[in-house]
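Geometric and topological summary
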Amino acid sequence: MVGFETFLETPSKERKTVVGYDVPEGVDIRGRYDSEFARILTKDALQFVFNLQREFRNHIKYAMECRKEAKMRYNSGALPGFDPATKYVRDGEWVCAAPPPAVADRRVEITGPVERKMVINALNSGAKVFMADFEDALSPSWENLMRGHVNLRDAVNGTISFHDKARNRVYKLNEQTAKLFVRPRGWHLPEAHIFIDGEPATGCLVDFGLYFFHNWSNFRRTQGEGFGPFFYLPKMEHSREARIWNNVFEVAEKMAGIQKGSIRATVLIETLPAVYVKTFQAHPDRLLPDRVQVGMTQHFMRSYSDLLIRTCHRRGVHAMGGMAAQIPIRDDPKANEAALELVRKDKLREVRAGHDGTWAAHPGLIPAIMEVFTNNMANKANQIQYVKREDAANLTEEDLLQIPRGARTMDGLRLNTRVGIQYVAAWLTGTGSVPLYNLMEDAATAEISRVQNWQWLKYGVELDGDGLGVKVTRELFGRVVEEEMGRIEREVGKDKFNRGMYKEACKIFTRQCTAPTLDDFLTLDAYNNIVIHHPIGSSRL
Ligand SMILES: CC(=O)SCCNC(=O)CCNC(=O)[C@H](O)C(C)(C)COP(=O)(O)OP(=O)(O)OC[C@H]1O[C@@H](n2cnc3c(N)ncnc32)[C@H](O)[C@@H]1OP(=O)(O)O
Ligand SMILES: O=CC(=O)O
Ligand SMILES: [Mg+2]
């Protein structure tokens with residue numbers, strides 16, 4: 001065990017022994033002490049995180065300031081477009097380093113939070129890759145984060161096991177497992193349990209730094225066939241943010257003494273200006289229809305995925321598809337088959353468009369998805385060299401910005417509200433991905449619900465899709481919230497409702513939907529509710 005003892009003055013002036021972490025100068029750990037966590041939070045690992053934080057904090061601050069400036073420009077009516085300053089990069093003929101052989105075949109990837117049983121289930125699921133998530137699928141409480149690191153270390157070592165006492169079942173890794181990718185949090189999230197030079201650390205540098213420090217060597221031996229580690233990078237909004245990650249990787253490779261370019265990452269396209277509703281928060285002519293209608297067949301969505309395939313294949317890397325939110329419906333075989341059919345259809349669209357692989361939210365979907373991709377990839381590990389999609393070279397900014405079509409309905413408003421509140425309630429109690437109404441909901445899907453409600457309220461839109469012609473006002477929304485809270489209580493039962501965090505969640509969600517200016521992220525404000533400083537108690541940033 002690594003730790004040390006310190007004496008704290010309690011209000012009653014008693015001296016109390018508190019075990020603490022052995023930290024380098026400039027680092028202050030405010031999260032609960034645990035001897036298991038101390039094996040992750042070693043002095044050397046913390047020194048590495050400290051070095052990353054010191055080296056990159058100003059770059060990160062600058063990048064976040066630039067996000068604000070871009071938001072101001074969009075809010076004054078500007079539209080996003082291809083950056084003229086980087087035209088030479090887009091026009092240039094260059095390719096990325098070839099994909100490592102260990103992950104040449106990524107046809108089905110499972111994603112999920114870094115929870116112990118799920119990590120084992122995901123690695124055993126038959127998927128080619130498991131994306132272990134510190135982001136959208138995880139509520140970033142101290143316990144979840146630190147346990148997540150313990151779980152990943154044990155997974156990379158190959159020693160991870162879990163005893164489900166209620167079912168008397170022991171979980172262990174199979175002979176053959178999925179390859180591990182890790183998704184750290186987005187740049188915007190702080191880690192309020194680790195202070196560096198008196199400031200909360202950057203969440204993703206903590207996630208990346210601790211994982212890399214403890215696992216780079218074992219990973220390259222057990223998982224990466226000499227390459228790696230591998231990452232997914234979320235929610236970037238500009239190439240300057242990608243450059244910071246690149247520099248972080250280079251510092252890490254130097255520290256480990258491994259070749260430059262060893263670390264590999266797949267970048268998610270999800271909140272880039274031009275493909276996300278938030279960019280158009282001040283554009284009343286660009287309102288979205290009901291959330292269920294903003295699917296991949298909308299012109300702007302199809303255009304971005306076609307352009308993504310063309311761009312990735314031109315540069316020699318995988319073009320991964322996205323998540324189908326359906327999950328198995330156990331108690332209704334007919335509904336289950338209908339859900340599976342939707343997944344098959346969506347995956348068929350992806351593989352035929354040229355994607356090299358795709359995401360599954362649940363192990364129960366893997367066989368069906370695997371079959372679709374295998375039957376449509378002509379015995380190849382991927383389609384990088386075979387499907388070039390040169391037709392997508394002609395896609396323009398207008399294609400990427402085309403206003404989605406569809407109706408807005410009272411049902412849409414109600415569903416957004418019901419899902420948003422239940423998701424935040426789960427998140428506040430430590431669960432970052434939840435099954436709701438037979439769909440997987442996580443921070444990304446709940447975010448759409450919240451922003452859409454905000455946008456509809458802000459512009460007092462008419463809900464024209466159900467023929468009612470009702471305008472969304474604060475009064476209407478207040479009534480909807482009250483009625484949906486009643487429905488949630490009936491659905492989950494009084495007991496669970498009273499024990500849970502539904503009322504707190506309702507307050508957070510309602511405030512964010514009715515705020516005069518849109519909060520940047522649903523979970524940023526909610527984060528204050530899950531920060532618990534020890535031994536002082538709960539705290540706000
Ligand atoms: C938009 C985005 O950001 S997508 C990426 C982020 N989101 C995600 O990764 C969501 C991942 N999915 C999940 O978390 C889960 O599937 C949920 C929460 C939606 C549903 O989970 P559950 O309610 O536990 O599903 P269910 O009860 O059907 O699970 C059956 C079994 O499958 C396992 N399982 C379900 N989903 C996963 C998963 N993604 N990874 C590993 N195992 C899983 C469960 O642990 C359970 O195992 P057990 O039988 O050994 O106990
Ligand atoms: O992170 C994935 C997403 O779909 O959002
Ligand atoms: Mg996401």
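Owing to the predicted nature of the structure, the values given are computational and were not obtained by experimental measurement. All residue numbers refer to position in the chain's written sequence, counted from 1. Note on labels: chains are lettered from A, ligands numbered from 1, in written order. Thresholds applied to this predicted model are a pLDDT of at least 70 for local features of residues and 80 or more for the giving and counting of side-chain atom pairs; totals over whole chains, interfaces and linings are not thresholded and use all residues. Side-chain measures were taken over the full set of non-hydrogen atoms in the model, leaving aside hydrogen atoms and water.

1. Remarks on the side chain of arginine 389
Secondary structure is summarised from DSSP: a helix means a run of H or I of at least four residues, a strand means a run of E of at least two, and numbering begins at the N terminus for each. Secondary-structure assignment places arginine 389 in the loop between α10 (366-375) and α11 (397-401). Whenever a nitrogen or oxygen atom comes within 3.5 Å of another N or O atom, the pair is scored as a polar contact, on the condition that within protein one atom can donate a hydrogen and the other can accept it, and that pairs from neighbouring residues in sequence are kept only if both atoms are in side chains. Separated by 3.0 Å, the side chain of arginine 389 and the backbone oxygen of alanine 353 make a polar contact.

2. Describing the pairing of strand β9 (residues 190-196)
Along any regular strand the residues' side chains alternate between the sheet's two faces. To sort residues, take the accessible area from a 1.4 Å probe on protein chains only and compare it with the maximum for the residue type: under 20% means buried, over 50% means exposed, and anything in between is partly exposed. Most of β9 is tucked away: 7 of the 7 residues are buried. In this description, strands pair whenever DSSP reports at least two bridges between them. Bridge analysis of β9 against strand β10 (residues 199-202) gives 4 bridges, and the strand direction is antiparallel. When the sheet's bridge partners are listed, isoleucine 196 is paired in β10 with glutamate 199. Connecting β9 to the next strand, β10, in antiparallel fashion are 2 residues, including aspartate 197 with a positive phi near 50 degrees.

3. Description of the sheet that holds strand β14 (residues 357-360)
Within a sheet, each strand pairs with its neighbour through backbone hydrogen bonds, oriented either parallel or antiparallel. With parallel pairing, the 7 strands of this open sheet are ordered in space as β12-β11-β8-β5-β4-β14-β13. Looking along the sheet, the strands with just one partner apiece sit at the ends: β12 (264-267) and β13 (320-323). On average, each strand axis in the sheet is tilted by 25 degrees relative to the strand beside it, whichever way the strands run. Where β13 meets β14, 2 bridges bridge the pair, whose relative direction is parallel. Pairing of methionine 320 across the sheet is with glycine 357, part of β14. Note on definitions: angles span 0 to 180 degrees between N-to-C directions of axes, and those axes are lines fitted to C-alpha atoms, for helices only across the stretch in contact.

4. A word on the pattern of salt bridges
If charged atoms from side chains of opposite charge come close, those side chains can pair. The term salt bridge refers to a pairing of a side-chain nitrogen on Lys or Arg with a carboxyl oxygen on Asp or Glu at a separation within 4 Å. Following the criterion strictly, the structure yields 49 salt bridges and no others. In this structure, the salt-bridge partner of lysine 68 is glutamate 65, at a minimum N-O distance of 3.3 Å. Of this pair, lysine 68 and glutamate 65 both sit in helix α2 (residues 43-75), 3 residues apart, roughly one helical turn. Judged by its relative accessible area of 45%, lysine 68 falls in the partly exposed class. Residue class for glutamate 65 comes out partly exposed when judged on its relative accessible area of 41%.

5. So, the packing of helix α12 (residues 410-428) against helix α14 (residues 474-492)
Any two packed helices are characterised by the angle at which their axes cross and by the distance between the axes. Taken N-terminus to C-terminus, the directions of α12 and α14 make an angle of 60 degrees; their axes are 9 Å apart at the nearest point. Judged on the interaxial angle alone, α14 and α12 are oblique. By crossing handedness, the relation of α12 to α14 is classed as right-handed. Contacts between α12 and α14 pair Met410, Leu413, Arg414, Thr417, Arg418, Ile421 and Gln422 from the former with Leu476, Phe477, Val480, Val481, Glu483, Glu484, Met485, Arg487, Ile488, Glu491 and Val492 from the latter. In the contact of α12 with α14, the residues fall into 10 nonpolar, 2 polar and 6 charged. In what follows, roughly perpendicular refers to angles from 65 to 115 degrees, roughly parallel to angles under 35, roughly antiparallel to angles over 145, and oblique to any angle outside these ranges. Left-handed describes a crossing whose near helix is turned anticlockwise from the far helix by less than a right angle; the clockwise case is right-handed. Contact between two residues is taken to exist if any of their heavy atoms lie within 4.5 Å; hydrogens are not considered. Under the scheme applied here, ten amino acids are nonpolar (Ala, Val, Leu, Ile, Met, Phe, Trp, Tyr, Cys and Pro), four are charged (Asp, Glu, Lys and Arg), and all others, including Gly, are polar.

6. Focus on the site of ligand 1
When at least one non-hydrogen atom of a residue lies within 4 Å of a molecule or strand, that residue is treated as near it. Thr111, Tyr171, Arg330, Ser433 and Asp442 are the nearest of the 27 residues found near ligand 1. A distance of 3.3 Å separates an oxygen atom of ligand 1 from a polar backbone atom of glycine 112. Measuring from an oxygen atom of ligand 1, one finds a side-chain N or O atom of lysine 117 at 2.7 Å. Those elements giving two or more residues to the shell around ligand 1 turn out to be β4 (108-113), α4 (116-123), β7 (169-172) and β15 (434-436). Of the residues contributing to the shell around ligand 1, the split by class is 14 nonpolar, 5 polar and 8 charged.

7. Re the pairing of strand β5 (residues 129-133)
When you tally the buried positions in β5, you get 5 out of 5 residues, the bulk of the element. Burial along β5 is two-sided: Val129, Met131 and Asp133 and Phe130 and Ala132, pointing in opposite directions, are all buried. Both β4 and β5 contribute to a ladder of 5 bridges, which runs parallel. Note on β5: the bridge partner recorded for threonine 111 is methionine 131. Read as a crossover between parallel neighbours, the route from β4 over α4 to β5 is right-handed. Across 5 bridges, β5 lies against strand β8 (residues 179-183) in parallel orientation. When the bridges of β8 are listed, phenylalanine 130 appears paired with leucine 180. The definition of a right-handed crossover adopted here requires that, viewed with the strands pointing away, the path from the first strand over the helix to the second runs clockwise.

8. A closer look at the coordination of the magnesium ion (ligand 3)
For a metal with four donors in a tetrahedral arrangement, the ideal angle between donors is 109.5 degrees, while six donors in an octahedron ideally sit at 90 or 180 degrees. Surrounding the magnesium ion (ligand 3) are the protein donor atoms Asp136 (OD) and Glu270 (OE), at 2.0 to 2.1 Å. Taken as a pair, aspartate 136 in the loop between β5 and α5 (142-157) and glutamate 270 in the loop between β12 and α8 (299-314) lie far apart in primary sequence, 134 residues in all. Here a donor is any nitrogen, oxygen or sulfur atom (N, O, S) within 2.8 Å of the metal, with 3.2 Å used for Na, K and Ca; water is not among the atoms considered, so some sites may look incomplete.

9. Section: the site of ligand 2
Around ligand 2, the surrounding shell consists of Asp136, Arg183, Glu270, Trp359 and Ala444. Between ligand 2 and arginine 183, the relevant distance is 2.6 Å, taken from an oxygen atom to a side-chain nitrogen or oxygen of the residue. In the model, an oxygen atom of ligand 2 is placed 2.8 Å from a nitrogen or oxygen of the glutamate 270 side chain. Its residues placed into classes, the shell around ligand 2 shows 2 nonpolar, no polar and 3 charged.

10. Re the UniProt feature "domain: Malate synthase TIM barrel" (unreviewed entry) in the protein chain
UniProt positions are given in the numbering used here, feature names are shortened, and annotations may be inferred rather than shown by experiment. Following the UniProt record, the feature "domain: Malate synthase TIM barrel" (unreviewed entry) maps to residues 276-403 here. End C-alpha to end C-alpha, residues 276-403 measures 11 Å, and it is 41% helix and 6% strand.

11. Observations concerning helix α9 (residues 333-353)
Under the convention used throughout, the expected extent of a helix is 1.5 Å for every residue step, that is, one less than its residue count. With 21 residues, α9 should cover 30 Å at 1.5 Å per step; its first-to-last C-alpha distance of 30 Å lies within 8% of that length. Those residues of α9 that sit buried are Ala339, Leu340, Val343, Asp346, Lys347, Glu350, Val351 and Ala353. Summarising the axial view, the buried residues of α9 lie within an arc of 165 degrees, below the 170-degree limit, and thus occupy one face. Away from its buried face by more than 90 degrees, α9 exposes Lys334, Lys345 and Arg352. In the segment just after α9, glycine 354 is the residue with positive phi, at about 120 degrees. Arc definition: it is the arc formed by the directions from the helix axis to the C-beta atoms.

12. Details of a nonpolar patch on the surface
Among the surface-exposed residues, Tyr88, Val89 and Trp94 lie close enough to one another that they form a single nonpolar patch of about 320 Å² accessible area. Inspection of the secondary structure puts tryptophan 94 in the loop between α3 (87-91) and β4. A residue counts toward a patch only above 30% relative accessible area and without a salt bridge, and it is joined to like-charged neighbours within 9 Å or, for Val, Leu, Ile, Met, Phe, Trp and Tyr, to nonpolar neighbours within 5 Å. In this description, accessible areas are obtained by the Shrake-Rupley approach with a 1.4 Å probe, and a residue is regarded as covered only by the protein chains that are shown.

13. Overview of α4
Restricting attention to buried positions, one finds in α4 the residues Val119, Ile120, Ala122 and Leu123. Taken end-on, α4 shows its buried residues confined to a sector of 165 degrees, consistent with a single buried face. On its buried face, α4 sits against β4, β5, α5, β6 (161-164) and β7.

14. A closer look at the sheet that holds β9
Strand order in the open sheet made by the 3 strands is β3-β9-β10, with antiparallel pairing throughout. Every other strand in the sheet has two partners, leaving β3 (27-29) and β10 as the edge strands with one partner each. The mean inter-strand angle of the sheet, taken between neighbouring strand axes irrespective of direction, is 55 degrees. Inspection of the sheet shows β3 paired to β9 by 3 bridges, in the antiparallel sense. The residue bridging aspartate 28 from the neighbouring strand is phenylalanine 195, located in β9. Of the strands in this sheet, β9 and β10 are in contact with helix α6 (residues 203-222), which crosses β10 at around 55 degrees.

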